[in-house]
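Commentary on secondary and tertiary structure
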Amino acid sequence: MFRVVALSKSFGALQAVQDLYLDVPANSVTSIIGPNGAGKSTVFNLISGALTPDSGAIMFQDLDITGYPPYVINRLGVARSFQITNIFFGLTVLENLRLATQSSEPRRQFLRPLRRFRRPQQRASQLVAEFGLADRAEEIAGNLSHGDQRRLEIAICMASAPILLLLDEPTQGMSPTETMETDELIKSLKRQVAILLIEHDIDLVMGVSDNVIVMHQGRKLAEGPPDEIRRNATVQDAYLGRADADT
Amino acid sequence: MTKLAQNVVVKGVIRAGGLLPSALCRARKMLSMPRGGLQAASLTRIMGLIAVAAAVVLPLLVGQFYIRLGIEALLLGGLALSTGILLGFVGLLSLGQVAYFGVGAYISALLFLQATGSFWLVLAAVVICVSALAAVIGAIVIRTRGVYFALISLAFSEVLHKIAFNTVALGGSDGILGIPAPRIGFAGIGQIDLRDDGQFYYFALGVIVVIYFAIRRILATPFGSVLSAIRDNPERVPYLGYNPFWFRLLAYVAAAQVAAVSGMVFPLLRGYVSPDLLSFETTTRSLAMALVGGLSSVLGPLVGGGVITFMDSLVSSLTERHLLVLGLIFVIFVMTCPDGLIGIAARRLTRRERK
């Protein structure tokens, strides 16, 4: 479904990602873990089109999407969330979602009045309910709590009905309760999309993932199901053994 | 002295660039926040009605001088609106909208003088020419951001200013004189004679009202929502599947039309057009209008156009240093009240509501 082949990217002398292979099957959760600076976010930036790789290929549903601009990649069915909450803070929750749902409508209809644009509107209201934001639908997104904002960000991603969902540290800055809710959310989303997850909360990763990839200094250190990764000595040495709090 | 005044204005512009985003965000929140019985939509509607009512009765209360000043205020308000919607609704600080105002004015002057007396033909010519020009210039300038966008758009308008100043066929520094004011026919229903100041006034008001509703209508579409998303968080927009380039370009071209149509009517008032119309002074004046009126609504720049034009006329009858006063007002508004007169009015109205 989604494959990354021999992906490399360097910034000057820094090899951020080196010869990386990834495979994300449909309806599964694949997690990427690793210490800060391991190249995890660079991988997301390469996949979502924010950066162009130096070499290698990104294959999505048998289509080579390497070097495509972000808006094309999104329209093909890859949605991403951001490590630092990246929503439309000055718009309402509903507007945030409608912007994402209306994106799949034909552009030639974009000058019709909003109130006749029913389908995206309905879909947005539906999402508001699904993500438990119904009572905050008319609130300016900037006024939401941090946890609600993180949830809205995932809702925005789901609004474009993606096939592959890239989640960049969804629990960043969340309380333990909110993290638990996110855990359940990811498990339920798995029924709809394939998920590639970057996360520092190891318990969450081990709980939701079908496959875990450990990155270290731009390279893949290990790959396997959660149990296997937990037992892997190299991984423990490089990452799991140390308490590595994210900033 | 003018140098000093310009200095003050330029410093104000830079200051505005830094302060605006956060202040605008606050202003917009206030305007769009549902509260009490007075919703944002009804709030802007009330203010719009007051403004239109004031504009409609004005000619009944004042003499010819002020009617003509009112026409000027409306048309310069159109220019301010062109700058204001780009800044307030797309997040682009353009210092070059005056280019389209000027091009509209020059095309109108040349055609009315030498080719046709038909307003509609000239309008079509202006719209077509300015669309093409704005598409080309826009495709270049909107690739830049923030202060670079401001400066490169200023550069383009300065180039056009110098072209107008140095081209003999366009009258050089004298400009073009003796432009006849046309009669505008409305398909057999009747006609408006622009030689009559009263008729001209209501015609200009009609043009501005049409532009105002057209903009409101465009902003209330999915296209308008994408523009507000671009203003709010441009980096995020591509990840929703939109190519911001086309949305920005279309908005830029549309804003250019607003300036051009206002500019096209402008020379018919006095019968002449001069390169001064394209100068940086006109730019700063239009920016001051937009800011003083307020950028969080479509109405703001138009209100600013009225206030600044009348104030400027008053001040210049008292002192030659009216530009300095303009600059000071501009700076005071940017620093103390970035959401402009509309923001002040909105606060007044909502406060009364709460009591």
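Residues numbered from 1 in each chain as written. Chains lettered and ligands numbered in written order. Predicted model: local features only at pLDDT ≥ 70, side-chain atom pairs only at ≥ 80, totals over all residues.

**Some points on the interface of chain A and chain B**
Put simply, the test is: By the convention adopted here, residues make contact when the C-beta atoms placed from their backbones lie within 7 Å. In this description a helix means any DSSP run of H or I spanning at least four residues, a strand means any run of E spanning at least two, and both kinds are numbered starting from the N terminus. Any residue that is not Ala, Val, Leu, Ile, Met, Phe, Trp, Tyr, Cys, Pro, Asp, Glu, Lys or Arg is counted as polar, Gly included; the first ten are nonpolar and the last four charged.
Contacts between chain A and chain B engage 27 residues on the former and 21 residues on the latter. Contributing elements (two or more residues each) for the side of chain A that touches chain B: α2 (70-76) and α3 (93-101) of chain A. Residue composition of the side of chain A that touches chain B, by class: 14 nonpolar, seven polar and six charged.

**Re the nonpolar core**
Most often, soluble globular proteins have nonpolar side chains that are buried together. Note the following rule: As used here, a nonpolar core is made of buried Ala, Val, Leu, Ile, Met, Phe, Trp, Tyr and Cys residues. They are joined through C-beta atoms within 7 Å. To assign burial, the other C-beta atoms lying within 10 Å of each residue's own C-beta are counted, with C-beta atoms placed from the backbone; 20 or more indicates buried, 12 or fewer indicates exposed, and intermediate counts indicate partly exposed.
Counting residues in hydrophobic clusters, the biggest one holds 166 residues, and the most contacted among them are L97, L164 and I195 of chain A together with A260 of chain B. At 13 residues, the largest contribution of residues to this core is made by helix α3 (residues 64-90) of chain B. Aside from chain neighbours lying at most four places away, what touches I195 of chain A is V29, L165, L167, I186, L189 and K190 of chain A.

**A closer look at the sheet that holds strand β7 (residues 164-168) of chain A**
Strand pairing within a sheet occurs via backbone hydrogen bonds; the two strands may be parallel or antiparallel. Residue and element names in this part refer to chain A. Defined as follows: We call two strands paired when DSSP finds no fewer than two bridges between them. Convention adopted: a line fitted to C-alpha atoms gives each axis, helices being fitted over their contacting stretch, and angles between N-to-C directions are expressed from 0 to 180 degrees.
Judged by pairing direction, the sheet is mixed, and its six strands sit side by side in the order β6-β7-β8-β3-β9-β10 without closing on themselves. The open sheet terminates on both sides in strands that have one partner only, identified here as β6 (78-80) and β10 (219-224). Each adjacent strand pair in this sheet contributes to an overall mean axis angle of 20°, direction not counted. With five bridges connecting them, β7 and strand β8 (residues 194-198) associate as parallel partners. Each residue of the ladder has a partner; that of L166, found in β8, is L196. This element, helix α1 (residues 40-47), spans β3 (29-33), β6, β7, β8 and β9 (211-216) of the sheet and lies at about 145° to β7.

**Section: unusual backbone geometry**
Outside of glycine, negative phi angles account for most residues, and trans bonds account for most peptide bonds. All names here are of chain A. Its identity is not glycine, yet D19 carries a phi of approximately 50°, on the positive side. Residue placement: D19 occurs in strand β2 (residues 14-24). Positive phi outside glycine occurs at D62, with the angle close to 65°. As for its position among the elements, D62 is in the loop between β4 (55-60) and β5 (63-64). With 7 C-beta atoms packed within 10 Å, D62 lands in the exposed category.

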